Amino acid sequence: MAAAERSSSIVEYFGGEAGYRCGYCKNVTGNLSHGMWAHSMTVQDYQDLIDRGWRRSGKYVYKPIMNQTCCPQYTIRCRPLHFQLSKSHKKVLKKMSKFLTNGDTSKVAGDVTEEPMDSHREDAIVCSFVLKNESDINLSELKPLSVDEMQRVETEDNNEEEEMKKEVNVKKVASESFQTCADQDNASSSTPSHSAKLIHTTPKPGKGADLSKPPCRKAKDIRKERKLQKLLQNQTHTLEGPPKQVEPQVLLSQISKSKGNQPKSLEDLIFVSLPDARHQLEVRVVRSSPPSCQFKATFQESYQVYKRYQMAIHKDPPDKPTISQFTRFLCDSPLEAENPPNGPDCGYGSFHQQYWLDGKIIAVGVIDILPYCVSSVYLYYDPDYTFLSLGVYSALREIAFTRQLHEKADELCYYYMGFYIHSCPKMRYKGQYRPSDLLCPETYVWVPIEQCLPTLEHSKYCRFNQDLKAVDEGCIKELGRVRVLHKRIVMPYSVYKKRCKGPSDEASVQQYASLVGRTCSERMLLFRS
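**Q** I'd like a rundown of empty space enclosed by the protein, residues and numbers included.
**A** Taken as a whole, this structure holds four cavities of 30 Å³ or more when the rule is applied. Size it by volume and the largest cavity reaches roughly 70 Å³. In terms of lining, the largest cavity is formed by Arg52, Gly53, Lys63, Met66, Gln73, Tyr74, Thr75, Phe419, Leu439, Cys440, Pro441 and Tyr444.

**Q** Give a description of the nonpolar core that names residues and reports values.
**A** In terms of nonpolar packing, the biggest core is built from 100 residues, with Met36, Tyr380 and Tyr512 touching the most fellow members. The element contributing the most residues to this core is helix 11 (residues 390–406), with nine residues. Cys71, Ile421, Cys424 and Met427 belong to the second largest nonpolar core, which has eight residues in total.

**Q** Outline the sheet that holds strand 10 (residues 414–420), supporting the account with residue identities and numerical values.
**A** On the basis of which strands lie adjacent, the open sheet formed by eight strands has the order 6-7-8-9-10-5-11-12 and mixed pairing. Both edges of this open sheet fall to strand 6 (281–289) and strand 12 (446–448), since each of them pairs with a single strand only. Averaged over neighbouring strand pairs, the angle between their axes works out to 35° when direction is ignored. Where strand 5 (residues 74–78) meets strand 11 (residues 436–439), three bridges bridge the pair, whose relative direction is antiparallel. Considered in strand 11, the bridge of Cys78 is made with Ser436. Contacts from helix 10 (residues 323–331) reach strand 6, strand 7 (349–357), strand 8 (360–369) and strand 9 (373–381) within the one sheet, and its direction differs from that of strand 9 by about 155°.

**Q** Lay out the packing of helix 9 (residues 299–313) against helix 10 with the relevant residues and their values.
**A** Two numbers describe how helix 9 lies on helix 10: the axes approach to 11 Å, and their chain directions differ by 95°. For the element pair helix 9 / helix 10, the angle class is roughly perpendicular. For the pair helix 9 and helix 10, contact is made by Phe299, Gln300, Ser302, Tyr303 and Tyr306 and by Ile323, Gln325, Phe326, Thr327, Phe329, Leu330 and Cys331, respectively. Here the contact of helix 9 with helix 10 is built from residues that sort into eight nonpolar, four polar and no charged.

Cut-off values and rules
Residues numbered from 1 in each chain as written. Predicted model: local features only at pLDDT ≥ 70, side-chain atom pairs only at ≥ 80, totals over all residues. Heavy atoms only, no water. 1 Å grid on protein atoms, 1.4 Å probe; cavity = no way out; pocket = protein on both sides within 12 Å on 5 of 7 lines; lining within 4 Å. Points joined across faces, edges and corners; volume = space filled by probe spheres on them. Core = buried A, V, L, I, M, F, W, Y, C linked by side-chain atoms within 4.5 Å. Buried < 20%, exposed > 50% of the residue type's maximum accessible area, 1.4 Å probe, protein only. Helix = DSSP H or I, 4+ residues; strand = E, 2+ residues; numbered from the N terminus. Pairing = 2+ DSSP bridges. Axes fitted to C-alpha atoms, helices over the stretch in contact; angles between N-to-C directions. Contact = heavy atoms within 4.5 Å. Parallel < 35°, antiparallel > 145°, perpendicular 65-115°, else oblique. Nonpolar A, V, L, I, M, F, W, Y, C, P; charged D, E, K, R; others polar.

Laid out in structure tokens, this is it:
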């Protein structure tokens, strides 16, 4: 047999370990996982492993024992090509633009001052992405509009009205066929749904809506109705020829097509032109393993940001975030760098995405670029810039980065955010990036998160695949085909088993093969001493 090829992954399996402290529910021995040390690993092997629920922390690769661990951790991925910006996402991006433009440091309502920690153990921390939950708004923070704000709203209404008039002047009245379609749509929308029943109950005093009064209406709907009424009143003056009666649905369709109602894309909000900006933000992608010249030149500055982050956000003592710990946790990687001609310009492997503000690093996103995805490992940032919601902002930048890489590498179209932990409420924020999928822990198929949430409300461990007959299609068929590295010689396990004397390790090898799957077990090299 030839010696191990350079391109082969080499792993050392440790098996299921005794329980240890959970960083989510604080259970002292409730966190259970399988683990292996990756001496080296190809990006394709790691891609296949994370598609079976594995995750890396430095060179340590682990897989939670889902039906036994106290807080089941489900692999979650977002689909960037169909990404849907939420209102809170837009607020964060606009907040960054305001800061870059004029130095505005005001916080958005609902900001969380401390981000949740993902912890695994001292030397193998769960490297999930750190984000903020921007969706909760405290009612005590709400206040009525001031006189100045009311005047501003009226001014915006007048401006929008002028735009609507121009739109009506340019466009002709829609054809009768269009009106028919609109009438049919209106009729269908007025039919009550059989799948949702609306039940009115009398609220307790001081709670709920007063059903004796008309329901509250959104200011946006009121403004749209006011514009429609004005347009209808002026229609005979703006259209040439004899007066025509225009259906409200036609005018509403014209309003919906106006420039003001066309949503901006993620890239529009991130890369907005700021010609007179007070601050300059630059994002650099540098290879961390093997370390590039740019990575080496900025290592100390990047480490200092990490140390400040760990001490301020995670309350680490000063002697804990050492250079060696930082290197082992966020710089060392088993992934081999690859630069195929049909891949992204930066290649595949492990990288640091550095956020430079006015010539200094304020945040670093640790990522892996794999054949089918960008996998987020960790984020750390300068605590002085907490007000910028850098957890959310960096996630949106990485989603946009994935879309950019997809233009060169067609198969690279997913954004992996680590683990989704529904049993820990503060860790549900990753589900806000839609559309997203969760990995079924038994059959390893992806299921839209909307289908998973109802079952997770009833049980913290769930099989998401509703096909009860479905099984793991990637399970090992022949244990003898598992590749083994023994005394620098590559051999199938069937040969190793005959050569090796002493206690049988067949149970351990069987467990390893079932967890990594048939493809990886027949391609990676399992180290045996």
